[in-house]
Amino acid sequence: MRLALIAAAIMASLIAGYVAYVTMIGNPRVVTDLKEHPMGERAERAMLLTFPDGKTIPVNYLREDNRVYAGADGAWWRAFDGEGAAVTLLIQGEALTGHATVELRDQEFIDDVFSRLRPTVPEWLPDWANGKLVIVDLKVSAD
């Protein structure tokens, strides 16, 4: 029992450390890189997503016509559950606006999009570990 508690404490510390690193060091570096090198290699795979409250995070994306797909690995997808919310995206230096929702029900559609969004995810990984699918319908400007 004591060994199990020690193992759980170590695991919790590792997870907390990883979250702290990503939040305070990793993400800010990615944000800076995407802004300073909008046509760089990282910008081909990651965009900046800005929530209605102004919070900005880098996420992987797939753009197809007037729709952008993002894989949500944290709890941030909950901001788009139900009716969704307006968002701003920065994709390769281009500022875009749209309405984001999360798809939770149509597993066939989710699998199809994730096969293009994250083609290198191991097949043995269960669907629940593959993140949630956030869909952004872009606002099309009338020129």
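Rules and cut-offs
Residues numbered from 1 in each chain as written. Predicted model: local features only at pLDDT ≥ 70, side-chain atom pairs only at ≥ 80, totals over all residues. Heavy atoms only, no water. Buried < 20%, exposed > 50% of the residue type's maximum accessible area, 1.4 Å probe, protein only. Helix = DSSP H or I, 4+ residues; strand = E, 2+ residues; numbered from the N terminus. Pairing = 2+ DSSP bridges. Salt bridge = Lys/Arg side-chain N within 4 Å of Asp/Glu carboxyl O. Contact = heavy atoms within 4.5 Å.

Engineer: For this particular structure, what's the right way to read the pairing of strand E3 (residues 67-72)?
Structural biologist: Consecutive side chains of a regular strand alternate in pointing toward one face of the sheet and then the other. The buried fraction of E3 is high, at 5 of 6 residues. Sheet topology places strand E2 (residues 56-64) next to E3; 4 bridges connect them, and they run antiparallel. Counted as the bridge partner of Leu62 is Tyr69 from E3. The hairpin turn running from E2 into E3, its antiparallel successor, is 2 residues long, and Asp65 in that turn takes a positive phi close to 55 degrees. In this sheet, strand E6 (residues 132-138) lies alongside E3 in antiparallel orientation, the contact comprising 6 bridges. Bridge pairing in E6 links Gly71 to Leu133.

Engineer: For this particular structure, what's the right way to read the pattern of salt bridges?
Structural biologist: Here the structure, examined in full by the defined rule, presents 7 salt bridges. Note that Asp33 is salt-bridged to Arg42, the shortest N-O span being 3.4 Å. Among the ionic pairs, Arg118 bridges to Asp73, the shortest N-O distance being 2.9 Å. In this pair, Arg118 sits in the loop between helix H2 (107-117) and E6 while Asp73 sits in the loop between E3 and strand E4 (85-91), placing the two residues 45 residues apart along the sequence. Assessed through its relative accessible area of 13%, Arg118 is described here as buried. Taken together, the shared-partner salt bridges in this structure form one network comprising Glu64, Asp112 and Arg116.

Engineer: Explanation requested: the environment of Ile110 in the structure shown.
Structural biologist: In this structure, Ile110 sits in helix H2. According to the relative accessible area criterion, Ile110 is buried, its value standing at 7%. Residues Ile110 and Leu133, 23 residues apart in the sequence, show an inter-C-alpha distance of 6.5 Å. In this structure, Ile110 is in contact with Glu103, Leu104, Arg105 and Leu133, ignoring residues within four places of it in sequence.

Engineer: Can you walk me through the environment of Ala100 in this structure?
Structural biologist: Structurally, Ala100 can be placed in strand E5 (residues 94-103). Spatially, the C-alpha atom of Ala100 lies 8.9 Å from that of Ala79, the residues being 21 residues apart in sequence. Excluding its chain neighbours within four sequence positions, the residues that come into contact with Ala100 are Phe80, Gly84, Ala85, Val87, Val134, Ile135 and Val136.

That is the geometry; function is a separate question.
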